[in-house]
Every structure is written in C-alpha cells, then in structure tokens.
Amino acid sequence: MSPWASWTLLIGGAGLLLAPNAAALLGWRPRCLARPGAPNRLLGAAGVMLYGTVLTIEVARLAGAPNGVLKACSYTALGLIGCSIALVIIYDILAGPPRSGGR
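Residues numbered from 1 in each chain as written. Predicted model: local features only at pLDDT ≥ 70, side-chain atom pairs only at ≥ 80, totals over all residues. Heavy atoms only, no water.

Asker: Just checking my understanding: could you explain the environment of Leu-62 for this structure?
Answerer: Position of Leu-62 among the secondary structure elements: in helix α2 (residues 40-62). For Leu-62, a relative accessible area of 31% translates into the label partly exposed. With residues up to four places along the chain from it excluded, the contact list for Leu-62 reads Pro-3, Ser-6, Trp-7 and Leu-10. (Helix = DSSP H or I, 4+ residues; strand = E, 2+ residues; numbered from the N terminus. Buried < 20%, exposed > 50% of the residue type's maximum accessible area, 1.4 Å probe, protein only. Contact = heavy atoms within 4.5 Å.)

Asker: So what exactly am I meant to see when it comes to the confidence of the model for the protein here?
Answerer: Low pLDDT means the predicted atomic positions in that stretch should not be read closely. Predicted confidence across the protein gives a mean pLDDT of 85, with 90% of residues reaching 70 or more. Summarising per-element confidence for the protein, the mean pLDDT is lowest in helix α1 (residues 3-25) (85) and highest in helix α3 (residues 67-95) (93). (pLDDT = per-residue confidence, 0-100.)

Asker: I tried to follow the side chain of Asn-21 on my own but got confused; where do I start?
Answerer: Residue position: Asn-21 is located in helix α1. In this structure Asn-21 comes out as buried when scored by relative accessible area, which is 16%. When sequence neighbours within four positions are dropped, the list of residues in contact with Asn-21 reads Leu-43, Gly-44, Gly-47 and Val-48.

Structure below.
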C-alpha cells in the first residue's frame, strides 16, 4: 500500500471514526441512537477501538516495520475488532428492545 493511501486512511479515519465516537464518549447522543437508558458511551468506545485498529496497522506500515511486526500488528488489530464487536453486542443487550412507533 502506498504512503498516500495510508495517510488517507489515517486522516479519513480521524474525521469519520474518531471525532464522532470521541463525542459519544463525552456524552453526545445522536438522534438515530436515542434509546432511553441505553449506554451510548459503549458505542463510542467501540468506534474509538476501530480507529485504534486503523492506527495500529497504518502506523506500522508508514514506519516501514519488518514483516514480523506487521503480522503482530495485524493480530492486534483483529483483537481490537473483536472487542469492538463485543461492545456493540453488549450495548444492544443493555439497551433493551427498541421503542415502538415512529421517531
């Protein structure tokens, strides 16, 4: 992968993943996720973990790390993705059934 693609992923990920999820960690609640009593900060943590995945892989590539380090970063990224999926599942369980009716 070219350095331009890596930088694009890092900058795009910061804008699309990190910013809204950091806001969710600080208490911002999007209207589409406005379930009463839902722990929205879990979704923010899941999104920040996804950006951590991008960071883990792309920073190692930009630094020109050897293949062993890249492989370890890939496995770490898979673990972060698994933790992120687990947080979304926990959110869905704790949030309960969705509200009936319209928005």
